[in-house]
Amino acid sequence: CCCALLIALTGGCSTLPPSRGPTWGPSRTPTPLTSALTHGTYPDAVRPFSDIPGLWNNQLANLYTFWKTDGFRNVHRMMVHNFNIFGPIYREKIGYYESVNIIKPEDAAILFRAEGHYPKRLKMEPWTAYRDYRNRKYGVLLKEGEDWKSSRIILNKEVIAPNMLGNFVPLLDEVGQDFVSRVHKKIERSGQDKWTTDLSHELFKYALESVGSVLYGERLGLLLDYIDPEAQRFIHCITLMFQSTLPMLYIPPGLLRLLRATPWKEHVEAWDGIFSHADYCIQKTYRRLRQESSMKGKYPGVLASLLLMDKLSIEDIKASITELMAGGVDTTSITLLWTLYELARHPDLQEELRAEIAAARTSTQGDMVQMLKRVPLVKGAIKETLRLHPVAVSLQRYITEDIVIQNYHIPAGTLVQLGLYAMGRDHRIFPWPEQYLPSRWLSPGGHYFQALGFGFGPRQCLGRRIAEAEMQIFLIHMLENFRIEKQRQVEVRSSFQLILLPEKPILLSIRPLAKHK
């Protein structure tokens, strides 16, 4: 989930004239690399790294152009433009950051084969700077090397293993039902048989309530009319953390700390509050475990399970839990907002989804775990949203070995980015790319390296299983109870603000399918 937060410094500008670039044709099978590459000689058809087209000769000029064209907000569109100019591979330098950018699924396969045993991507400098300042442990999102691998193996068993879904679904189902009840109340209070609003704040609370329920095994109470002051402060800290992260992606956190600048002070305040909440939850969980020696078969939450396993230190657990919480809110809520936006534009698709959901509920007698196995179009809708509106602009890896992509040699240690937004909107990869077509994901064929919204491989989003179930359950409940309508025929574009967000508020009307009892 959080890889979206790691890409702000490597977006590209595109106003300089293109250097020569390859034509868009089928990728050749990668040429095996020999020691000849290391010594500067290249097999036939393999061209040197210096021949890769792009914007890399004058990084300071590129940075100036990037600023001038508001590239930081438009990094995703800049990448699309660059791929159109240079072809399926290009190289760029923006300031001190250099990367090779690729777009084709078959090239993504080559990239991920070269990620090594300890996949490495861009560091989240603001987050690591805070932890170094407070002498706190890194969580699994920020760790690297063997330390990352050993923690990830333990956490995989508790968070992303398929058999854990049965533990998560009852908790998420309860939150989904409560959200439906909240929407019904909003409609009743409106007196108009519908509720017209920008749902972003409500979806933020839904996502935070959902992930908190799974991680901590208890509700935060964010869907109530009255929100506990401790929970309200936690919401404030999560929001402030994201807001203060953005400027520190462009200005070194160490400099802002030295200057005692507002973004640094707010960032410290936000993370202090988030970690304080984690301490509070750990203490509550310990008390609960002591009071309920047998949990009566009820899943106690990820935090309690990790404490009972006793394979990670409390500080390690706290660090990873806070990162999962912080990284699993905006990313999920914004994906749901984009999905509702697209469904509002396609009322016929809503009816198709309702029919699928009704059939699934009937055939499973309402068993939500089984229902999730029978709603492929619902899952396709989420995949289609992540294709058109990915949270992250790109996926990145520092490659651990020399590789050949598009007949260019790329040396070990290079940062290579796969342009997710650009790939999702390319007609050579997805027919009719501007159309929202969840059914495209139902066709057989595996969609080879095309559905990468949650990343890939051992460093894919750790919270993927939680997020997927959370979003699927949300859509099931919402579509069973409401019709989603748009206000007017207005297309909303995205803007890069740490993650890809709607450029302006999305106003939707939610209308009940039948009178609520």
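Remember, predicted model here, so these are calculated numbers, not experimental data. (Residues numbered from 1 in each chain as written. Predicted model: local features only at pLDDT ≥ 70, side-chain atom pairs only at ≥ 80, totals over all residues. Heavy atoms only, no water.)

J.: Sorry if this is basic, but what is going on with the overall build of the protein chain here?
T.: Tallying secondary structure elements over the protein chain gives 19 helices and 12 strands in all. Out of the 517 residues belonging to the protein chain, those deemed buried represent 56%. Here the contacts in the protein chain between residues at least 6 apart in sequence split such that 76% fall between residues at least 24 apart. Total accessible area on the protein chain stands at roughly 22,000 Å², and carbon and sulfur atoms take up 52% of it. (Helix = DSSP H or I, 4+ residues; strand = E, 2+ residues; numbered from the N terminus. Buried < 20%, exposed > 50% of the residue type's maximum accessible area, 1.4 Å probe, protein only. Contact = heavy atoms within 4.5 Å. Areas by Shrake-Rupley, 256 points an atom, 1.4 Å probe, with all protein chains shown as cover.)

J.: In this structure, what is going on with the packing of helix α14 (residues 330–345) against helix α15 (residues 347–364)? I would like to understand it.
T.: To describe two helices that pack against each other, one gives the angle between their axes and the distance between the axes. Interhelical geometry of α14 versus α15 gives an angle of 110 degrees and a closest axis separation of 5 Å. Judged by the inter-axis angle, α14 sits roughly perpendicular to α15. Taking contact as the criterion, the partners of Leu 343, Ala 344 and Arg 345 in α14 are, on α15, Pro 347, Leu 349, Gln 350 and Leu 353. In the contact of α14 with α15, the residues fall into 5 nonpolar, 1 polar and 1 charged. (Axes fitted to C-alpha atoms, helices over the stretch in contact; angles between N-to-C directions. Parallel < 35°, antiparallel > 145°, perpendicular 65-115°, else oblique. Nonpolar A, V, L, I, M, F, W, Y, C, P; charged D, E, K, R; others polar.)

J.: Looking at this structure, how should I read helix α12 (residues 302–309)?
T.: Since the α-helix turns once every 3.6 residues, residues separated by three or four places project in the same direction. When you tally the buried positions in α12, you get 6 out of 8 residues, the bulk of the element. All of the buried residues along α12 are Val 302, Leu 303, Ala 304, Ser 305, Leu 306 and Leu 307. Residues of α12 that are buried make contact with α6 (145–159), α7 (165–190), α8 (200–216), α11 (262–291) and α13 (314–327).

J.: Looking at this structure, I do not really get the sheet that holds strand β8 (residues 415–419). What am I missing?
T.: By definition, the strands of a sheet pair up through backbone hydrogen bonds, in either a parallel or an antiparallel sense. Here 5 strands make up an open sheet; going across it, the order is β1-β2-β3-β8-β5 and the pairing mixed. Whereas interior strands pair on both sides, the edge strands pair on one side only; in this sheet they are β1 (54–55) and β5 (394–398). Summarising the sheet, β5 and β8 pair through 5 bridges and their orientation is antiparallel. Across the sheet, the residue bridging to Tyr 398 is Leu 415, located in β8. Contacting β1, β2 (89–94), β3 (97–102) and β8, helix α3 (residues 75–86) crosses the sheet at an angle of about 130 degrees to β2. (Pairing = 2+ DSSP bridges.)

J.: Is there a simple way to explain the side chain of Ser 151 in this structure?
T.: Relative to the elements of secondary structure, Ser 151 occurs in helix α6. In contact with Ser 151, other than residues within four places in its own chain, are Val 140, Lys 143 and Leu 312.

J.: What should I look at first to understand α14 in this one?
T.: The terminal C-alpha atoms of α14 lie 23 Å apart, and with 16 residues this matches the ideal 22 Å at 1.5 Å per residue to within 8%. Among the 16 residues in α14, 15 count as buried, and that is most of the element. (Expected span 1.5 Å × (residues − 1).)

J.: Any chance you could explain the packing of α8 against helix α9 (residues 229–245) here in plain terms?
T.: Running from N to C, α8 and α9 cross one another at 105 degrees; their axes reach a closest spacing of 12 Å. Classified by the angle between their axes, α8 and α9 sit roughly perpendicular to one another. Contacts between α8 and α9 pair Phe 204, Lys 205 and Leu 208 from the former with Phe 234, Ile 235, Ile 238 and Thr 239 from the latter. The residue makeup of the contact of α8 with α9, split by class, is 5 nonpolar, 1 polar and 1 charged.

J.: When you look at the packing of aromatic side chains in this model, what are you seeing that I'm missing?
T.: Centre distance and the angle of the planes are the two values used to describe a pair of aromatic rings. Across all of its chains, the model carries 17 aromatic pairs by this definition. Judged by centre distance (6.1 Å) and plane angle (25 degrees), the rings of Tyr 130 and Trp 271 are stacked. Of this pair, Tyr 130 sits in helix α5 (residues 125–134) while Trp 271 sits in helix α11, placing them 141 residues apart in sequence. On the basis of relative accessible area, Tyr 130 is assigned to the buried category, the value being 0%. (Phe/Tyr/Trp six-rings, centres within 6.5 Å; stacked < 30°, edge-to-face > 60°.)

J.: Got a minute to help me understand the UniProt feature "binding site: heme" (unreviewed entry) in the protein chain in this structure?
T.: The feature "binding site: heme" (unreviewed entry), as annotated in UniProt, sits at Cys 461 in this numbering. Along the polypeptide, Cys 461 turns up in the loop between α18 (420–424) and α19 (464–481). (UniProt positions renumbered as here; feature names shortened; annotations may be inferred.)

J.: Is there a simple way to think about the sheet that holds strand β9 (residues 482–486) in this case?
T.: Across the sheet, which stays open at both edges, the 3 strands sit in the order β4-β12-β9 with antiparallel pairing between neighbours. One side of each edge strand has no neighbouring strand; the edge strands of this open sheet are β4 (195–198) and β9. Adjacent strand axes in the sheet meet at a mean angle of 30 degrees when their direction is disregarded. Both β4 and strand β12 (residues 507–512) contribute to a ladder of 4 bridges, which runs antiparallel. Paired with Thr 196 across the two strands is Ser 509, which belongs to β12. Across the face of the sheet, α14 comes into contact with β9 and β12 while running at roughly 85 degrees to β9. Set on the sheet, α19 makes contact with β9 and β12; between it and β9 the angle comes to about 90 degrees.

J.: Explain the pairing of β12 here, please?
T.: Every other side chain in a regular strand lies on the same face of the sheet, so the side chains alternate between the two faces. Judged from the 5 bridges that link them, β9 and β12 form a sheet pairing that is antiparallel. The residue of β12 that forms the bridge with Arg 483 is Arg 511.

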